[in-house]
Amino acid sequence: MDVLTAIFTRRSIRSFEERPVPEDIQEQLLRAAMAAPSARNAQPWQFVVIDHRATLMEIAARFPNAEPARTAPLGILVCGDLSLELSKGYWVIDCAAAAQNILLAAHGLGLGAVWTGVYPRENRVEGMRDIFNIPDHVIPHSLILVGFPAEKPAPVDRFDPTRIHRNRW
């Protein structure tokens, strides 16, 4: 699948089949994440791979925005590591780029995925920190839930020319 097709046809998938995501595909997703651009090439990310069913169910029970974890066979928690940050505050943008790469790679590999927000919601950050014993210098950013899709939403054209300003506002 070419990159523009992937961008224009990717949709958030919230219902998954009951089959696991093979480890070689998990590695491809993580390689895609780590290929993301980052400020000063700091790559200030860490990833928690979650394939334990009870843990995914706990996430779904504790965080209503992560309800799709009930059926997802895989979660990838994208975290910012402040000890690796070279440009203060850019870890948030860097982690967002890594998350987007996971979403696009998943779609390109025939998987479905949904981005569930963690940062900056303190209750979500602290909840993830609690579940995974994350150290203080690492901040949970996003939880990407991944699996073989059990739904196929149609593509949506979100282009809005009224949002475009040329040369000045």
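Within each chain, residues carry numbers counting from 1 in the order of the written sequence. Two thresholds apply to this predicted model, a pLDDT of at least 70 for residue-level local features and 80 or more for giving and counting side-chain atom pairs, whereas whole-chain, interface and lining totals are computed over all residues. As a convention, hydrogens and water are excluded, and side-chain values are obtained from all of the structure's heavy atoms.

Considering a nonpolar patch on the surface
Applied cut-off: Grouping into patches uses exposed residues only, defined as over 30% relative accessible area, and leaves out salt-bridged ones; the cut-off is 9 Å for like charges and 5 Å for nonpolar side chains (Val, Leu, Ile, Met, Phe, Trp, Tyr). Areas reported here follow the Shrake-Rupley algorithm with a probe of radius 1.4 Å; residue values treat only the protein chains shown as occluding. Only one rule defines a salt bridge in this text: a Lys or Arg side-chain nitrogen within 4 Å of an Asp or Glu carboxyl oxygen. A run of H or I in DSSP counts as a helix once it spans at least four residues, and a run of E counts as a strand once it spans at least two, with each numbered from the N terminus.
Taken together, the side chains of V3, L4, I7 and F8 present a nonpolar region at the surface, about 420 Å² in accessible area. As for its placement among the helices and strands, L4 is situated in helix α1 (residues 3-9).

Observations regarding the sheet that holds strand β3 (residues 112-117)
Stated formally: A pair of strands is labelled paired if DSSP reports no fewer than 2 bridges between them. Note on geometry: axes are lines fitted to C-alpha atoms, helical ones only across the stretch in contact, with angles between N-to-C directions running from 0 to 180 degrees.
Taken in spatial order, the 4 strands make up an open sheet running β1-β2-β4-β3, and their pairing is antiparallel. Sheet topology places β1 (45-50) and β3 at the edges, where each strand pairs with a single neighbour. Ignoring strand direction, the axes of neighbouring strands in this sheet form an average angle of 25°. Here β1 pairs with strand β2 (residues 74-81) via 6 bridges, running antiparallel.

So, the side chain of R129
This is how the line gets drawn: Categorising residues by exposure relies on relative accessible area from a 1.4 Å probe, with only protein chains included: less than 20% of the type maximum marks a residue as buried, more than 50% marks it as exposed, and the intermediate range marks it as partly exposed. Polar contacts here mean pairs of N or O atoms no more than 3.5 Å apart (in protein, one a potential hydrogen donor and the other a potential acceptor; neighbouring residues in sequence count only if both atoms are side-chain atoms). Pairs of residues are marked as contacts when any of their non-hydrogen atoms sit within 4.5 Å.
When you line up the elements, R129 lands in helix α5 (residues 122-132). Here R129 falls in the buried class, since its relative accessible area comes to 13%. Among the polar contacts made by the side chain of R129, one reaches the main-chain carbonyl oxygen of P135 at a distance of 2.7 Å. Those residues in contact with R129 that lie beyond four places of it in its chain are I134, P135, D136, V138, I139 and P140.

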